[in-house]
Amino acid sequence: MPIYHRLGQLPPKRHTIFKSPAGAFYYEQLFGTVGFDGMSSLLYHVHRPTQVKAVLDPVDLRPAVAVDHNIMSRKLVGFDVPPANDFLESRTPLLINNDVVVGVAAPRQSLTDYFYKNADSDELLFVHRGAGTLRTMLGTIPFVPGDYLLIPRGMIYQIEFDKTDVPEGTRLFYLESTSPIYTPKRYRNYFGQQLEHSPYSERDFKLPQNLETHDERGDFVIKIKKEGILHTLIYDTHPFDVIGWDGYNFPYGFSIHNFEPITGRIHQPPPVHQTFETKSCVVCSFVPRLYDYHPDAIPAPYNHSNIDSDEVLYYVDGDFMSRNGISPGILTLHPGGIPHGPHPGAMERSIGKTKTDELAVMVDTFRPLKLTKQALGVDDGVYFQSWRE
Ligand SMILES: [Fe+2]
């Protein structure tokens, strides 16, 4: 997050003596990425953050690939992915490559029995259904439907859902990215401030608040995902023992409903919807907006072939203007190498319309995606022929 934030107590000077009122040392930790070159925060712990007591047997979480080389457009019914009690078990990878994991999750329970850390990737959780609180070692972020939660790699967290027994349950769409997830550079000035033509501003970000400081000893389980393997480490002290921190590297939330659409007289290309970027993919938000206002404008997109990127759309709500047979929770994959476009009738339907209420998240990856076994299980198998007249 390219803005400065601080919570709790800090010594006036970094890397200097900092003690509790009782005279005990606090322990400083630099929490950074990209070596010492990326964004970082300085944390002050009540206890040393290094007190590993035991390391238990690892679990292999690497997804099984079912289709290694894909050229077919796919329609995956995300809501057909069954719920699971445990938060991590519920996370179902659907589309993967060496850069990203794209998946959905329907957790029945909050993650409160243990702590979780992804050491490989930044995580972007999109809350489709459900509400609750993300609890991290740097503070808490309440969330509601439509929120993106950006959790930088290495962040220890738990997640609490307000209600897990509602009929529709909790539904998440998620992206894990091995390269850091940032806001687009073209919307930031030299100092990192969001520029005036950005579709959102700093005020729209939900920053961590209510820093929890637990001075507790015991057996604290942290499950750490590294190179696709889930390691279970037992620590002597509570991982949420930070008395204060400041810096730029922290989790934050952003509501898709705060994305201000950029519109024009004629059709605007997908980059106007861009919300996040990494070295290997972009994330776009398609939100309700007024349509193009040229008298002869065709609001539906033209056929297009990004020959070298795969396009994943996750449909959240509303009528998606360019597609037939789409409902919330569905993912489509339009692979690089072949063009795609509006379904027959969609272009014609769009002419003369003044607005759309579509809500969707798009992930475009720069390298081809592979389908997991779970993806094939919810693949309709015929979508690739759906453009035939
Ligand atoms: Fe497209």
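Relevant structure appears above.
Only a predicted model underlies this, so the values are computations on that prediction, with no experimental measurement involved.

Describing the overall build of the chain
At step 1: Helix and strand content of the chain: three helices and 29 strands.
At step 2: Against the 2.2 N^0.38 benchmark of 21 Å for 389 residues, the chain shows a C-alpha radius of gyration of 22 Å, consistent with a compact globule.
At step 3: Its C-alpha atoms give the chain principal-axis dimensions of roughly 75 × 45 × 40 Å.
At step 4: Per-residue burial for the chain yields a buried fraction of 54% across its 389 residues.
At step 5: Summarising the internal contacts of the chain: among those between residues at least 6 apart in sequence, 75% fall at separations of at least 24.

Points about the pairing of strand E3 (residues 40–45)
At step 1: Along E3, five of the six residues are buried, which leaves the element largely enclosed by surrounding structure.
At step 2: As paired strands, E3 and strand E20 (residues 242–247) are joined by five bridges and run antiparallel to one another. Bridge pairing links leucine 43 to tryptophan 245 in E20.

Some words on empty space enclosed by the protein
At step 1: If you walk through the whole model with that rule in mind, you get six cavities of 30 Å³ or more.
At step 2: Its boundaries defined by the atoms lining it, the largest cavity holds a volume of some 170 Å³.
At step 3: If you trace the largest cavity, you find 18 residues lining it, with Pro270, Phe286, Pro301, His304 and Ser322 closest to the centre.
At step 4: Across the lining of the largest cavity, the residue classes tally to eight nonpolar, six polar and four charged.

With respect to the coordination of the iron ion
At step 1: Taken together, the protein donors to the iron ion comprise His304 (NE2), Glu311 (OE), Glu311 (OE) and His340 (NE2), at separations of 2.0 to 2.8 Å.
At step 2: Coordination at the iron ion comes from four donor atoms whose angles at the metal span 51 to 161°, giving a geometry best classed as irregular.
At step 3: Summarised as a motif, the one-chain spacing of the donors to the iron ion is H-x6-E-x28-H.

Thoughts on the environment of serine 327
At step 1: When you line up the elements, serine 327 lands in the loop between strand E25 (310–317) and strand E26 (330–334).
At step 2: Residues serine 327 and phenylalanine 250, 77 residues apart in the sequence, show an inter-C-alpha distance of 34 Å.

Some thoughts on the layout of surface pockets
At step 1: In this model, the largest pocket occupies a volume close to 800 Å³.
At step 2: For the largest pocket, the lining is made up of 35 residues, of which Leu61, Arg62, Pro63, Lys225 and Gly228 are closest to its centre.
At step 3: The class makeup of the residues in the lining of the largest pocket is 13 nonpolar, nine polar and 13 charged.

Let's talk about the sheet that holds E20
At step 1: Within the open sheet, the four strands sit side by side as E1-E20-E3-E2. Their pairing is antiparallel. One side of each edge strand has no neighbouring strand; the edge strands of this open sheet are strand E1 (5–8) and strand E2 (27–32). Adjacent strand axes in the sheet meet at a mean angle of 15° when their direction is disregarded.
At step 2: As paired strands, E1 and E20 are joined by four bridges and run antiparallel to one another.

Concerning the side chain of serine 285
At step 1: With respect to the secondary-structure elements, serine 285 resides in strand E23 (residues 281–286).
At step 2: A polar atom in the side chain of serine 285 sits 2.7 Å from the side chain of threonine 275.
At step 3: Those residues in contact with serine 285, other than ones at most four positions away along the chain, are Tyr148, Ile256, Phe259, His273, Thr275 and Ala360.

Re the packing of aromatic side chains
At step 1: Under the definition given, this model contains 20 aromatic pairs.
At step 2: Summarising the aromatic geometry, the rings of tyrosine 116 and tyrosine 157 are spaced 5.4 Å apart at their centres and angled 80° between planes, so their arrangement reads as edge-to-face. Of this pair, tyrosine 116 sits in strand E10 (residues 111–118) while tyrosine 157 sits in strand E15 (residues 156–161), and the two are 41 residues apart along the sequence. By the burial criterion, tyrosine 116 is buried, and tyrosine 157 matches it.
At step 3: Taking 4.8 Å as the distance between ring centres and 55° as the angle between the ring planes, the aromatic pair formed by tyrosine 200 and phenylalanine 254 counts as tilted. Taken together, the residues span a long stretch of sequence, with tyrosine 200 in the loop between strand E16 (171–177) and strand E17 (205–206) and phenylalanine 254 in strand E21 (residues 252–255) at a distance of 54 residues. In terms of burial, tyrosine 200 and phenylalanine 254 fall into one category: buried.
At step 4: Through a chain of ring-to-ring contacts, three or more aromatic side chains come together here, namely Phe126, Tyr148, Tyr200, Phe205, Tyr252, Phe254, Phe259 and Phe276.

Topic: unusual backbone geometry
Most peptide bonds take the trans form, and the phi angle of most residues other than glycine is negative.
At step 1: Of note in this structure, valine 34 is not a glycine but carries a positive phi near 55°.
At step 2: Considering the arrangement of structural elements, one finds valine 34 in the loop between E2 and E3.
At step 3: Non-glycine residue glutamate 227 carries a positive phi angle of around 50°.
At step 4: Counting through the fold element by element, glutamate 227 comes out in the loop between strand E18 (217–226) and strand E19 (229–237).
At step 5: Take glutamate 227: its relative accessible area is 63%, and that puts it in the exposed class.

Regarding a nonpolar patch on the surface
At step 1: Together, Ile298, Met347 and Ile351 line one region of the surface with nonpolar side chains, adding up to about 240 Å² of accessible area.
At step 2: Taking the relative accessible area as the measure of exposure, isoleucine 351 reaches 48% and is therefore partly exposed.

With respect to the pattern of salt bridges
At step 1: Enumeration over the complete set of coordinates arrives at 14 salt bridges.
At step 2: Of the charged contacts, one joins aspartate 236 and lysine 53 as a salt bridge, the two residues approaching to 3.3 Å between their closest N and O atoms. Placement of the pair is aspartate 236 in strand E19 and lysine 53 in strand E4 (residues 52–55), with a sequence separation of 183 residues.
At step 3: A relative accessible area of 22% means that aspartate 236 is categorised as partly exposed.
At step 4: Residues joined in a network through salt bridges with shared partners are Arg91, Glu123, Glu176 and Lys225.

Here is what the cut-offs are and how they apply
- Residues numbered from 1 in each chain as written.
- Predicted model: local features only at pLDDT ≥ 70, side-chain atom pairs only at ≥ 80, totals over all residues.
- Heavy atoms only, no water.
- Helix = DSSP H or I, 4+ residues; strand = E, 2+ residues; numbered from the N terminus.
- Rg over C-alpha atoms; globule rule 2.2 N^0.38 Å.
- Buried < 20%, exposed > 50% of the residue type's maximum accessible area, 1.4 Å probe, protein only.
- Contact = heavy atoms within 4.5 Å.
- Pairing = 2+ DSSP bridges.
- 1 Å grid on protein atoms, 1.4 Å probe; cavity = no way out; pocket = protein on both sides within 12 Å on 5 of 7 lines; lining within 4 Å.
- Points joined across faces, edges and corners; volume = space filled by probe spheres on them.
- Nonpolar A, V, L, I, M, F, W, Y, C, P; charged D, E, K, R; others polar.
- Donors = N, O, S within 2.8 Å, 3.2 Å for Na, K, Ca; no water.
- Tetrahedral: all angles 85-135°; square planar, octahedral: opposite > 155°, others 65-115°.
- Axes fitted to C-alpha atoms, helices over the stretch in contact; angles between N-to-C directions.
- Polar contact = N/O pair within 3.5 Å; in protein donor to acceptor, adjacent residues only side chain to side chain.
- Phe/Tyr/Trp six-rings, centres within 6.5 Å; stacked < 30°, edge-to-face > 60°.
- Patch = residues over 30% accessible without salt bridge, like charges linked within 9 Å, V, L, I, M, F, W, Y side chains within 5 Å.
- Areas by Shrake-Rupley, 256 points an atom, 1.4 Å probe, with all protein chains shown as cover.
- Salt bridge = Lys/Arg side-chain N within 4 Å of Asp/Glu carboxyl O.

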